[in-house]
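# Structure assessment
Residue-level listing of the chains:
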Amino acid sequence: MRNTISEIFEEMANALETGTFGRKVRVGLTILGSEHGPKELVYGAELAQGQNPDLEVVVIGSGVKTRLELVQAQDEKEAHAIMDKMLSEGSLDAAVTMHYSFPIGVSTVGRVITPGKGKEMFLATTTGTSATERVTAMLKNTLYGIAAAKACGKANPTVGILNIEGARQVERALKKLQENGYPINFTESARSDGGVVMRGNDLLLGVPDIMVTDSLTGNVLMKMFSAYTSGGNYEALGYGYGPGVGENYDRIICILSRASGAPVVAGAIRYAGDAAKGKLLEKANAEFAAAKKAGWESIISSFECPANAVKKAEAGGAVTPPPEKPVTAEIPGIEILQLEDAVQVLWKNNIYATSGMGCTGPIVMVAPEDKEKAVELLKEAGYL
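Everything numeric here is computed off the predicted structure, so don't read it as measured data.

Moving on: helix H2 (residues 38-51). Helix length check: H2, at 14 residues, gives a terminal C-alpha distance of 20 Å against a target of 20 Å (1.5 Å per residue), a fit within 8%. When H2 is considered as a whole, its buried residues turn out to be Glu 40, Leu 41, Val 42, Gly 44, Ala 45, Ala 48 and Gln 49. For H2, the elements touching its buried residues are strand E1 (25-30), strand E2 (55-61), strand E4 (94-98), strand E12 (253-256) and helix H8 (262-277).

We now examine H8. Look at H8: 23 Å from first C-alpha to last across 16 residues, which is about the 22 Å you get at 1.5 Å a residue. Most of H8 sits out of view: 12 of its 16 residues are buried.

This brings us to the side chain of Asn 141. Secondary-structure assignment places Asn 141 in helix H4 (residues 134-151). Residues within four places of Asn 141 in sequence aside, it is in contact with Ser 107, Ala 124, Thr 125, Ser 130, Thr 213, Asp 214 and Ser 215.

Time to look at the pairing of strand E6 (residues 120-129). Most of E6 sits inside the fold, with eight of its 10 residues counted as buried. As paired strands, strand E5 (residues 106-113) and E6 are joined by seven bridges and run antiparallel to one another. Directly across from Val 112, in E6, lies its bridge partner Met 121. Connecting the antiparallel pair E5 and E6 is a turn made up of six residues, with Gly 118 showing a positive phi of about 65°. Here three bridges tie E6 to strand E10 (residues 210-212), and the two strands are oriented parallel to one another. Following the sheet pairing, Leu 123 is matched in E10 by Met 211.

On to the packing of H4 against helix H5 (residues 167-179). The relative placement of two packed helices is expressed as an angle between their axes plus a distance between the axes. In the contact formed by H4 and H5, the axes pass within 9 Å of each other and the chain directions differ by 50°. Judged by the angle between their axes, H4 and H5 are oblique. Considering how the two elements wind past one another, H4 and H5 form a crossing that is right-handed. Seen from H4, the contacting residues are Val 135, Met 138, Leu 139 and Thr 142; seen from H5, they are Gln 169, Val 170, Ala 173 and Leu 174. Its residues assigned to classes, the contact of H4 with H5 shows six nonpolar, two polar and no charged.

Let's shift gears to the packing of aromatic side chains. Applying the stated criterion across every chain, the model contains six aromatic pairs. Measuring from ring centre to ring centre gives 6.0 Å for Tyr 144 and Phe 288, while their planes differ by 50°; the resulting arrangement is tilted. Taken together, the residues Tyr 144 in helix H4 and Phe 288 in helix H9 (residues 280-293) connect sequence positions 144 residues apart. Residue Phe 288 is classed as buried on the basis of its relative accessible area of 2%. Judged by centre distance (6.4 Å) and plane angle (80°), the rings of Tyr 239 and Tyr 271 are edge-to-face. Taken together, the residues span a long stretch of sequence, with Tyr 239 in the loop between helix H7 (215-227) and strand E11 (242-245) and Tyr 271 in helix H8 at a distance of 32 residues. For Tyr 239, a relative accessible area of 10% gives the class buried. One aromatic cluster is present, built from ring pairs that chain together Tyr 100, Phe 102 and Tyr 249.

Conventions and cut-offs
- Residues numbered from 1 in each chain as written.
- Predicted model: local features only at pLDDT ≥ 70, side-chain atom pairs only at ≥ 80, totals over all residues.
- Heavy atoms only, no water.
- Helix = DSSP H or I, 4+ residues; strand = E, 2+ residues; numbered from the N terminus.
- Expected span 1.5 Å × (residues − 1).
- Buried < 20%, exposed > 50% of the residue type's maximum accessible area, 1.4 Å probe, protein only.
- Contact = heavy atoms within 4.5 Å.
- Pairing = 2+ DSSP bridges.
- Axes fitted to C-alpha atoms, helices over the stretch in contact; angles between N-to-C directions.
- Parallel < 35°, antiparallel > 145°, perpendicular 65-115°, else oblique.
- Left-handed = near helix turned anticlockwise from the far one by under 90°.
- Nonpolar A, V, L, I, M, F, W, Y, C, P; charged D, E, K, R; others polar.
- Phe/Tyr/Trp six-rings, centres within 6.5 Å; stacked < 30°, edge-to-face > 60°.

Structure follows, in structure tokens:
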């Protein structure tokens, strides 16, 4: 009772002082391990506190003086232990740190400002391992990105898939989920040929709210977006590598790079606060619940046990191509790792085809008169 009364009076005092009513969101920041020293991180924490009166920043570390609450820790290991304990006890709502090890199944959703139009974009994901199989990981990254964007106030965020290995398989799987009732808002590329698969131009313009990619590519993109104005050794823009998201994950921990400067530190603290206020953990579980109703489990299992090996075994090895003919019609949308298998399917059905690379990615080339039948066969075989 005494603690409750004390909290009420403290909230009233804060409200009279700042004009902000209601409980503040407490965000912890570990300050040890940065390439720019602890003072740089504390400066970022003080910026965040000054810019966001609804936040209360707690610094975890040593060797600095600050007006913020300071919890002493002598090294990174101790700082992480204190941070984890405070999150478990509920004395912190979220935390920001460097070099944190997430379990398999959890990866971070970055948040950047794109240079083309100054638009905010979420990179799903930027660190961690969502799954050990690539397409499965990118499908999970999509749900993580949607949850993070919704927690930050985007009620119906748009989704694009970066044009990397696995993109077409991810596209087909997500569209299957959509057909089965999972609500997903695909965007269109800014390039004239459109499509949900995004190109470099779309990255710079921030076309989607959420750009789905693998975590290694996302990590490189985050570094580029954060430090392209500074030469690379000082991350000056954006919100950091973001919170670790996963099904049933129980805490909000946002990641910084050791090269992150004060502006990014401030952005990361704000992002952590947004994630806590927006109930990120609940939103992630809600996305998984909705996806499971739309056949998520069966779609995921199809990638965990790939069908390509079975198809090749059934085909009995390579197929002799039919007589050559001019091929000028393009069939896009086939994953690059499946391209040669797709050509073999057409050869087996007496349609001459070749593989190639068009301006939007891998393509199968056929004669114009064969295109309709070829598309039908490739859809039946699961390549489109």
